[in-house]
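# Summary of structural features
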Amino acid sequence: MINTVGLRTLLVKEIKRFLKVWQQTVISPLMTTALYFLVFGVALGGRIDRIHGVEYIEFVIPGLIMLAMITNSFLNAASSLFQSKINGTIVDLLVSPLGTFEVLAAYVAAATVRAFLVGALVYAVAASFTGPSVNNLFWALYFGLMVSVSFSLLGLIAAIWAEKFDHLSLFPNFILTPLTFLGGVFYSIDMLPAPWDVVSKLNPILYVVNGLRYGLLGTSDVPVMSAAAAAAALATALFVIAVLLLGRGYKLRA
Amino acid sequence: MAGFRDAPPPRDPEPLRVDRVTKRFGGFVAVDELSLEIRPGEIFALLGPNGAGKTTLIHCIAGLARPTAGSIRVFGYDTGAEFRQTRRLVGLVPQEVSFDPFFTPHESLMIAMGLMGVPPDSARADALLSAFALDRHRDAYTRTLSGGMKRRLNVAKALVHRPRLLFLDEPTAGVDVELRKDLWGEVERLRDAGTTIILTTHYLEEAEQLADRIGVIHRGRLLMVEDRDVLMKRYQGGTLRARLDVPLDEIAHALPPGAQRIDRHQVAVSWSDPEALADAIQTLRSAGGLSDLAVEHTRLEDIFVELIANADDESNGERGTA
Ligand SMILES: Nc1ncnc2c1ncn2[C@@H]1O[C@H](COP(=O)(O)OP(=O)(O)OP(=O)(O)O)[C@@H](O)[C@H]1O
Ligand SMILES: [Mg+2]
């Protein structure tokens, strides 16, 4: 027995929530990413050699899309759940006949919608400079989806665990941004001296960045199948953690 | 049945059965092997000092806290294994007022309805808004509402799915007299429509006026559960205070039994039934001539204070002998 009405309500509410402040949730991340693109792609790109046979300006696009999707899926889930913890409206959710899976599904789906919206806009801006390029639509969508699911789950886990805003901002500042920058957004790990090319392979974000790069440009530092497996493993691990925490009501139900 | 669209049918007519429920926070016992049965259609007032465990007990029932031990059934459904049924049947007005700054009162009610699994019904949301005098603020940002309005919105939110068992955790704390009377009226209307209601309050007047039964909880234990009328009758009586024209010294022998002198002219006599009261007045009148007279009834408040004091004495005694 699934509370489909409840699931739909929560999903629509979560989408409305970010659309009500679309300047902040859609336009502002688009601006940030567009700036990276202008500086690293357009301004500096011409002075950097081709990587794996693609122009540098094209090379950075998948990484920037991933950066935007990671940040936005994380922030959407994390800030929504955390705010309702702080303002007390989490009670409405906790007393409702919604099970763990319905709650997860609604938050993850809403965050995925935002991540795809921002990702698509970043892609559109980039394509207006370089022309559209999709090598393999399936893999492009697959990695977009895996990333959105994984990082919205991480956002929920962070919001469940966090007791104040500082706790929450640890994640983007000290985990997501560094791992993304070191995950081959701006370079190929082939360009790194040993042992950093090997160490980089421990970074899960490397796989999703390269996976999307394969989907859009047909080039990648890692075989697409291993990237796909790594992305699925990341999503699964985060899913299991989120189910355990939410199922037990960790830090949510006294 | 029309009032409870889509809700699971009760498996048992008993709205609530709490069976030896314990809730610990670390080593601290907030609810201590507490058992309680609630009767269909009654208003039950749960009284107790700050920190007694009222909110914790309610949270265990509504799903905001997980009991450490014991079982809870709502209309025959288990609140753990069958939470989808019990949460659909229960409404909770939390002690702390909360609101979502992103949504208007109307939107908040529509969302609350949907989360409960009831297809959102705009007309029902509007009806609730007008029942709680919020129709003028239907589309305002919730943060612009006054404290009392937010509280009314919280009550309305708890009713969206027409709960059969409603918890009101200090619904009238910090609420003005007029709104308090309105809320009482609303509570009585809900009861008349068949809703079973459990409320906590620190206003004993509220319990006296509204409740069919009263329970007193202290340190996580139920000290007493009693019909309000039985309770009021058992503790019927009070104190009579009188001022006599003649100094008490001169008529000491003629005072009613148990009379206590307050000063040279004033005396207090406790009474337990109207006959005894009439006798005492008669005796005083013939003894020294009445110049003033006041009759005080024992109030629920006195009973409550006495119960708590006795319980504290006992537990001090226990500790002393341990
Ligand atoms: N989440 C928690 N963690 C630790 N202790 C808690 C928690 N919630 C409640 N307590 C403790 O449990 C006891 C009972 O609290 P509760 O809120 O149930 O009291 P109450 O009877 O509702 O009091 P009040 O009249 O002040 O609302 C208190 O001592 C409180 O400090
Ligand atoms: Mg309380």
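Residues numbered from 1 in each chain as written. Chains lettered and ligands numbered in written order. Predicted model: local features only at pLDDT ≥ 70, side-chain atom pairs only at ≥ 80, totals over all residues. Heavy atoms only, no water.

### Here's the deal with the coordination of the magnesium ion (ligand 2)
Residues and elements named next belong to chain B. In this structure, Thr-55 (OG1) and Gln-95 (OE1) serve as the protein donors to the magnesium ion (ligand 2), at separations of 1.9 to 2.1 Å. Taken together, the positions of Thr-55 in helix α1 (residues 54-62) and Gln-95 in the loop between β6 (90-93) and α3 (105-115) put the pair 40 residues apart, joining distant regions of the chain. In this structure Gln-95 comes out as partly exposed when scored by relative accessible area, which is 27%. (Donors = N, O, S within 2.8 Å, 3.2 Å for Na, K, Ca; no water. Helix = DSSP H or I, 4+ residues; strand = E, 2+ residues; numbered from the N terminus. Buried < 20%, exposed > 50% of the residue type's maximum accessible area, 1.4 Å probe, protein only.)

### Considerations on helix α6 (residues 177-192) of chain B
All names here are of chain B. In this model α6 runs 23 Å from its N-terminal to its C-terminal C-alpha over 16 residues, within 8% of the 22 Å that 1.5 Å per residue would give. Among the residues of α6, Leu-179, Arg-180, Leu-183, Trp-184, Glu-186, Val-187 and Leu-190 are the ones counted as buried. When α6 is viewed along its axis, its buried side chains cluster within an angular range of 160° and face the same direction. Facing away from the buried side of α6, by more than 90 degrees, are the exposed residues Val-177, Glu-178, Arg-189 and Asp-192. (Expected span 1.5 Å × (residues − 1). Arc of directions from axis to C-beta.)

### Focus on the pairing of strand β3 (residues 43-47) of chain B
Residues and elements named next belong to chain B. Of all 5 residues in β3, 5 are buried, a share of seventy percent or more. Taking every second residue as pointing to the same face, both faces of β3 are buried, with Ile-43, Ala-45 and Leu-47 on one and Phe-44 and Leu-46 on the other. Two elements, β3 and strand β8 (residues 196-200), share 4 bridges in a ladder whose sense is parallel. In the strand pairing of β8, Phe-44 is matched with Ile-198. By the bridge criterion, 4 bridges tie β3 to strand β9 (residues 213-218) in an arrangement that is parallel. The partner of Ala-45 across the bridge, within β9, is Ile-214. (Pairing = 2+ DSSP bridges.)

### Remarks on the packing of aromatic side chains
Enumeration according to the criterion identifies 14 aromatic pairs over all chains in this entry. Judged by centre distance (5.1 Å) and plane angle (90°), the rings of Tyr-142 of chain A and Phe-143 of chain A are edge-to-face. Both rings, one in Phe-181 of chain A and one in Phe-186 of chain A, keep their centres 5.3 Å apart while their planes meet at 55°; by these two values the pair is tilted. Phe-181 of chain A gets classed as partly exposed once you look at its relative accessible area, which sits at 25%. Counting every residue linked through ring pairs, the aromatic cluster contains Phe-138, Trp-139, Tyr-142 and Phe-143 of chain A. Looking at Arg-143 of chain B, its charged tip hangs above the ring of Tyr-141 of chain B, at a distance of 5.0 Å from the centre. Positioned above the aromatic ring of Phe-75 of chain B is the side chain of Arg-164 of chain B, whose terminal nitrogen or guanidinium carbon lies 5.9 Å from the ring centre. (Phe/Tyr/Trp six-rings, centres within 6.5 Å; stacked < 30°, edge-to-face > 60°. Lys NZ or Arg CZ within 6 Å of the ring centre and 35° of its normal.)

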